[in-house]
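Here is how the chains run, residue by residue.
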Amino acid sequence: MVLINWFCYACFLGMQRLCAFLYTPLNRLLFKLWGVQLASGSKFWGRTMLSKHPVAALKIGRNALFRSAPFSNPLGLTHACQLTVKRGAELIIGDDCGFSGTAICVIKSVVIGDRVWCGANVLITDSDHHAANPVRRHRGEPGITKPVRIGNDVWIGMNAVILKGVVIGDGALIGANSVVVRDVPANSVVFGSPAKVIGKVPSEYPESDNKQADAEQIINSAVTQHQTQHQTQHQTQQYTESQQDNA
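It should be emphasised that the depicted structure is a prediction, and the values quoted were computed from it without experimental measurement. (Residues numbered from 1 in each chain as written. Predicted model: local features only at pLDDT ≥ 70, side-chain atom pairs only at ≥ 80, totals over all residues. Heavy atoms only, no water.)

1. Digging into the overall build of the protein
Secondary structure assignment for the protein yields 3 helices and 20 strands. Burial status across the protein gives 38% buried among its 247 residues. By sequence separation, contacts in the protein at least 24 residues apart represent 35% of the contacts at least 6 residues apart. On the protein, roughly 14,100 Å² of surface is accessible, and the fraction owed to carbon and sulfur atoms is 56%. (Helix = DSSP H or I, 4+ residues; strand = E, 2+ residues; numbered from the N terminus. Buried < 20%, exposed > 50% of the residue type's maximum accessible area, 1.4 Å probe, protein only. Contact = heavy atoms within 4.5 Å. Areas by Shrake-Rupley, 256 points an atom, 1.4 Å probe, with all protein chains shown as cover.)

2. Points about the pattern of salt bridges
By the definition in use, this model includes 5 salt bridges. In this structure, Asp153 engages Arg115 in a salt bridge whose closest nitrogen and oxygen atoms are separated by 2.6 Å. Of this pair, Asp153 sits in the loop between strand S13 (148-150) and strand S14 (155-156) while Arg115 sits in the loop between strand S10 (109-112) and strand S11 (117-120), placing them 38 residues apart in sequence. Among the residues examined, Asp153 registers a relative accessible area of 38% and is labelled partly exposed. Arg115 sits in the partly exposed class, given a relative accessible area of 35%. One salt bridge connects Lys164 with Asp128, and the closest N-O pair in it is separated by 3.1 Å. With Lys164 in the loop between strand S15 (161-162) and strand S16 (167-168) and Asp128 in the loop between strand S12 (123-125) and helix H2 (134-138), this residue pair connects regions lying 36 residues apart in the sequence. In this structure Lys164 comes out as partly exposed when scored by relative accessible area, which is 23%. The partly exposed category is assigned to Asp128, whose relative accessible area is 37%. The structure contains a network of salt bridges with shared partners spanning Arg136, Arg139 and Glu141. (Salt bridge = Lys/Arg side-chain N within 4 Å of Asp/Glu carboxyl O.)

3. Describing the pairing of strand S19 (residues 188-191)
When strand S17 (residues 173-174) meets S19, the two strands line up parallel, connected through 2 bridges. The residue bridging Ile174 from the neighbouring strand is Val190, located in S19. The antiparallel hairpin formed by S19 and strand S20 (residues 196-200) contains 4 residues in its connecting segment, where Gly192 sits at a positive phi of about 110°. (Pairing = 2+ DSSP bridges.)

4. A look at the nonpolar core
Judged by nonpolar contacts, the single largest core of 39 residues is most densely connected at Ile112, Ile124 and Ile156. Elements that contribute at least two residues to this core include exactly strand S4 (57-60), strand S6 (82-85), strand S7 (90-93), strand S9 (103-106), S10 and S13. Sequence-distant contacts of Ile112, that is, excluding residues within four places in its chain, are made with Ile92, Ile93, Gly94, Cys97, Phe99, Ile104, Ile124 and Ile150. Grouped together as the second largest cluster of nonpolar side chains are 5 residues, Trp155, Leu173, Val189 and Ile198 included. (Core = buried A, V, L, I, M, F, W, Y, C linked by side-chain atoms within 4.5 Å.)

5. A word on the sheet that holds S15
Strand order in the open sheet formed by 6 strands is S3-S6-S9-S12-S15-S18, and the pairing between neighbours is parallel. Unpaired on one side and paired on the other, strand S3 (49-52) and strand S18 (179-180) mark the two borders of the sheet. Sheet analysis places S3 next to S6, joined by 4 bridges and oriented parallel. Bridging from a neighbouring strand, Lys52 pairs with Val85 of S6.

6. Some remarks on the environment of Gly175
Relative to the helices and strands, Gly175 is located in the loop between S17 and S18. Here Gly175 falls in the buried class, since its relative accessible area comes to 0%. Spatially, the C-alpha atoms of Gly175 and Ala195 are 8.3 Å apart, while their sequence positions differ by 20 residues.

7. Comments concerning the packing of aromatic side chains
The relative placement of two aromatic rings is captured by the distance of their centres and the angle of their planes. By the definition in use, this model includes 5 aromatic pairs. For the ring pair Phe31 and Phe44, a centre distance of 5.3 Å and an interplane angle of 65° mean the geometry is edge-to-face. One end of the pair, Phe31, is in helix H1 (residues 2-33); the other, Phe44, is in strand S2 (residues 43-45), and 13 residues separate them in sequence. Both residues of the pair, Phe31 and Phe44, belong to the buried class. Ring plane angle 20° and centroid distance 5.2 Å describe the contact between Phe66 and Phe99, whose orientation is recorded as stacked. (Phe/Tyr/Trp six-rings, centres within 6.5 Å; stacked < 30°, edge-to-face > 60°.)

8. Looking at unusual backbone geometry
Of note, the amide linkage connecting Ser193 to Pro194 takes the cis form, showing an omega dihedral of 0°. Along the polypeptide, Pro194 turns up in the loop between S19 and S20. Even without being glycine, Asp96 reaches a positive phi, approximately 60°. When you line up the elements, Asp96 lands in the loop between S7 and strand S8 (98-100). Asp96 sits in the partly exposed class, given a relative accessible area of 32%. Here the phi dihedral of Asn159 falls at roughly 65°; this positive angle occurs in a residue that is not glycine. Its place among the elements puts Asn159 in the loop between S14 and S15. Assessed through its relative accessible area of 28%, Asn159 is described here as partly exposed.

Written out as structure tokens, the structure is:
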């Protein structure tokens, strides 16, 4: 049974390598046909869905990784990577970025810095797409659109949503399932819906070869610390109220 287990695992690794081997040149060709400025070193697992208007700009830096095949990310992908850039819009992605089932829809401008990693099923968009007012929405009028800026060395956890007008500072960590609707200071840890600052990224911490594990460790530590502080404040408030009642 152990030998069969090893054989199955070897087949799984081989399937991943074969997927990258087949889909990397295919995606590179399709990106070129779509008029995308794709730098060297890109790698693709599965087909990245792409829609770029002829009067739009899409630039991707060196060593970009796009994971779209369901088995290419152990957390599971609900859909392939999808890049949509509308008429007159720009999507700029820096060097050494990684995306897993990430959807980016640009109406005006989204700029992503270097070494930005997105966990499974992240959504980034710079527009509401539909008007909030029901009358305007029924007329087909567009929603509010504001540029999005994401700095260098940012980690965005799985299922996070980055909405219009947001500026994320360098080195920030976005917790899983967070909805980011306001600016995030550099080297901050944010979590929740809407996302709030719950801590700071340590200036020094032990690093491993697994960037995802490093980021998750920092986020989990910040969440635990935030919950502990909140619990302590709640207990202090209860004690104060009980003392006032006794008086």
